[in-house]
Amino acid sequence: MYQHLTTLQGARDAVISLSFSPQAKFIAAAGYGGVTVWDLESFEAIPIPNSIYNPRNPDHVYAASAWLHFEQADRYVLLLGSQGGTVSILQWDEKDKVFRSMVRVIPVPSDFQVLSIDVYQAEIAIGKLARVVVATSDDRTTVSSLSSSGEFREIYSVSVQDFTLIAARFCKKTADVYAFELNGGTILRLDDKSGDIKSNQKYGPDPMGTVCTDDSSELFVACTGQDFQMFRLDTIEHIRTFSGPEPVVLFPKVVTFAEDGTVLIAGTDKGRAVVFDVTSGAKIQHLKYNKGGLVQPVAACTTTEGFLVAIAGSTMQASSDVEIYIKSHLPTSTSKSNGNAGASLHCTFADRSSVFRYIFMTLGILLMLHGLYFLALTHAPWVCYCTVFLELIYDVTFLAIPGTIHVAS
């Protein structure tokens with residue numbers, strides 16, 4: 001079961017998007033209060049350049065966020081999409097411990113809200129370019145590349161007539177893009193190089209308020225307002241419906257796969273998120289949001305220490321906390337509860353270091369005994385004589401026994 005890890009404070013208004021960076025180094029909360037980023041080792045908020053709190057200005061309200069990590073430069077990059085249509089890209093400066101503005105993209109035509117941002121791969125290998133897809137409210141899907149130096153270049157941009165776009169997601173196998181329709185239940189598959197329509201599948205859920213796909217790009221789950229419905233991506237076959245508490249308002253809530261695709265985390269408007277079992281559809285656990293009310297955004301991440309889940313409040317004109325929960329990889333009987341809000345994310349390092357200390361101590365004792373033995377042979381002649389005498393007895397004894405094989409040293 002998930003245990004509460006910590007509460008992160010500092011978001012000044014309703015949070016719309018939550019996202020973990022690769023390796024769970026950072027978490028970003030974006031929305032009407034701008035963007036707030038926390039370091040997940042210290043749990044401290046990090047200053048953001050040109051951060052302006054102005055919930056009435058669409059350029060300062062962020063509806064989507066995503067992370068990249070360039071392995072060669074060890075560079076963390078945060079992408080933010082605003083209601084004003086801009087895409088801002090920030091990079092982490094490890095030396096000065098601040099985020100710096102990398103590039104700001106103003107699309108043409110402009111003033112159309114960014115609905116979603118997705119990346120093909122969050123970890124960018126040496127010599128590779130990142131691939132980013134942005135969906136905007138003019139029903140446009142734009143795929144671009146991004147280098148570690150900040151060069152942002154459009155690959156293609158397409159708009160489909162009579163199609164109300166709500167989200168665009170990469171196929172993790174082919175780099176094709178799936179475009180999901182708000183009303184009508186249509187899912188388009190766009191070619192990874194040209195944006196041409198490769199397939200046009202109908203009979204998906206209607207409406208689709210938010211959409212998530214699993215890591216294998218075999219399944220997707222859409223929020224319909226009343227519940228969450230899961231389908232196969234290739235055939236649009238309905239698999240299962242996940243029903244949370246009866247909603248008060250039909251605002252779309254975010255849903256995401258977690259724990260390597262075995263569970264779903266879904267927001268509610270009842271002051272909590274719900275953990276569902278993907279196979280059975282059963283509710284496993286409720287994750288409480290202490291301030292209550294609408295919990296739209298959720299995010300999940302897998303680390304070496306365990307599974308992390310974040311939830312945040314989405315109440316307008318009120319400060320929003322981000323609640324972090326953790327679940328150990330270990331079985332429940334051997335895992336340790338971590339309810340301390342100030343506990344470190346890397347708390348299991350202490351257990352591991354204890355094991356290593358025991359191993360090194362044992363090796364040290366053995367080496368010390370080995371050294372003392374040879375020291376005694378060198379400086380104590382009577383020890384040498386006793387050793388030779390015992391070897392002679394051994395040789396005589398075993399040579400006298402028929403069939404005994406003696407191996408000379």
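Everything numeric in this text was worked out from a predicted model, so none of it was measured.

Comments concerning the overall build of the protein
On a plain count of helices and strands, the protein comes out with two helices and 29 strands. Looking at the protein as a whole, 46% of its 409 residues qualify as buried. Once local pairs closer than 6 in sequence are excluded, the contacts in the protein between residues at least 24 apart make up 49%. Here the protein displays about 20400 Å² of accessible surface, and carbon together with sulfur accounts for 56% of that area.

Regarding the sheet that holds strand β21 (residues 228-232)
Pairing is antiparallel across the open sheet formed by four strands, whose spatial order is β19-β20-β21-β22. Where the open sheet ends on each side, the last strands, each with one partner, are β19 (211-213) and β22 (238-242). In this sheet, neighbouring strand axes are inclined to one another by 20 degrees on average, regardless of whether the strands run parallel or antiparallel. Pairing geometry for strand β20 (residues 219-223) and β21, over five bridges, is antiparallel. Within β21, the position partnered with Ala222 by the bridge is Gln229.

Focus on the environment of His329
The topology assignment puts His329 in the loop between β29 (320-328) and α1 (349-379). Residue His329 is classed as partly exposed on the basis of its relative accessible area, which comes to 36%. Along the sequence, His329 and Phe307 sit 22 residues apart, while their C-alpha atoms lie 7.1 Å from each other. Once you skip the residues sitting within four places of it in the chain, His329 turns out to touch Thr302, Thr303, Thr304, Glu305, Gly306 and Phe307. For His329, the side chain forms a polar contact with the main-chain nitrogen of Gly306, separated by 3.4 Å.

Examining the nonpolar core
Counting 20 residues, the largest nonpolar core has Leu8, Leu18, Phe20, Ile27, Leu308, Val322 and Ile324 as the members making the most contacts within it. At the level of elements, β1 (3-11), β2 (15-20), β3 (26-31), β27 (298-302), β28 (306-312) and β29 are the ones that each hand at least two residues to this core. Core analysis: the next-biggest nonpolar cluster, separate from the first, contains 17 residues, Leu68, Ile89, Ile124 and Leu146 among them.

Topic: a nonpolar patch on the surface
A contiguous nonpolar surface patch, about 270 Å² in accessible area, is contributed by Val248, Val249 and Phe251. Counting through the fold element by element, Val249 comes out in the loop between β22 and β23 (255-258). By relative accessible area, which is 30% here, Val249 ends up partly exposed.

Focus on the side chain of Asp39
On the secondary structure map, Asp39 appears in strand β4 (residues 34-39). For the buried Asp39, which has no salt bridge, the nearest side chain bearing the opposite charge is Lys25, at an N-O separation of 4.9 Å. One polar contact links the side chain of Asp39 to the main-chain amide nitrogen of Glu41, over a distance of 2.7 Å. Leaving out residues up to four positions away in the same chain, Asp39 has contacts with Lys25, Phe26, Glu44 and Ile46.

Details of the packing of aromatic side chains
Following the criterion strictly, the structure yields ten aromatic pairs and no others. Taking the centre distance of 5.3 Å and the plane angle of 65 degrees together, the rings of Phe26 and Phe99 count as edge-to-face. Of this pair, Phe26 sits in strand β3 while Phe99 is found in strand β9 (residues 98-105), placing the two residues 73 residues apart along the sequence. Taken as a pair, Phe26 and Phe99 share a single burial class, namely buried.

Some thoughts on empty space enclosed by the protein
Across all of its chains, the model carries three cavities of 30 Å³ or more by this definition. Roughly 100 Å³ of volume is contained in the largest cavity. Every residue lining the largest cavity is listed: Cys223, Gly225, Gln226, Asp227, Phe228, Gly244, Pro245, Pro247, Lys253, Gly267, Thr268 and Asp269. Taken together, the residues of the lining of the largest cavity break down into four nonpolar, five polar and three charged.

Re unusual backbone geometry
That bond from Asp206 to Pro207 is cis: its omega, 5 degrees, falls within 30 degrees of zero. The residue Pro207 is located in the loop between β18 (197-201) and β19 in this model. At Ala175, a position not held by glycine, the phi torsion is positive, near 75 degrees. Mapped onto the elements of the fold, Ala175 is located in the loop between β15 (165-170) and β16 (177-181).

A short note on the pairing of strand β7 (residues 75-82)
Most of β7 is tucked away: seven of the eight residues are buried. Summarising the sheet, strand β6 (residues 62-70) and β7 pair through eight bridges and their orientation is antiparallel. Across the sheet, Ser65 pairs through a bridge with Leu80, a residue of β7. Counting the residues between successive antiparallel strands, the hairpin from β6 to β7 contains four residues, one of them, Asp74, with a positive phi of roughly 50 degrees. Of the strand pairs in this sheet, β7 and strand β8 (residues 87-93) are connected by five bridges, and their pairing is antiparallel. Looking across to β8, one finds that Leu78 is bridged to Leu90. The hairpin formed by β7 and β8 contains four residues between the paired strands, and Gly85 there has a positive phi angle of roughly 95 degrees.

Criteria and cut-off values
- Residues numbered from 1 in each chain as written.
- Predicted model: local features only at pLDDT ≥ 70, side-chain atom pairs only at ≥ 80, totals over all residues.
- Heavy atoms only, no water.
- Helix = DSSP H or I, 4+ residues; strand = E, 2+ residues; numbered from the N terminus.
- Buried < 20%, exposed > 50% of the residue type's maximum accessible area, 1.4 Å probe, protein only.
- Contact = heavy atoms within 4.5 Å.
- Areas by Shrake-Rupley, 256 points an atom, 1.4 Å probe, with all protein chains shown as cover.
- Pairing = 2+ DSSP bridges.
- Axes fitted to C-alpha atoms, helices over the stretch in contact; angles between N-to-C directions.
- Polar contact = N/O pair within 3.5 Å; in protein donor to acceptor, adjacent residues only side chain to side chain.
- Core = buried A, V, L, I, M, F, W, Y, C linked by side-chain atoms within 4.5 Å.
- Patch = residues over 30% accessible without salt bridge, like charges linked within 9 Å, V, L, I, M, F, W, Y side chains within 5 Å.
- Salt bridge = Lys/Arg side-chain N within 4 Å of Asp/Glu carboxyl O.
- Lys, Arg positive; Asp, Glu negative; His and termini not counted.
- Phe/Tyr/Trp six-rings, centres within 6.5 Å; stacked < 30°, edge-to-face > 60°.
- 1 Å grid on protein atoms, 1.4 Å probe; cavity = no way out; pocket = protein on both sides within 12 Å on 5 of 7 lines; lining within 4 Å.
- Points joined across faces, edges and corners; volume = space filled by probe spheres on them.
- Nonpolar A, V, L, I, M, F, W, Y, C, P; charged D, E, K, R; others polar.

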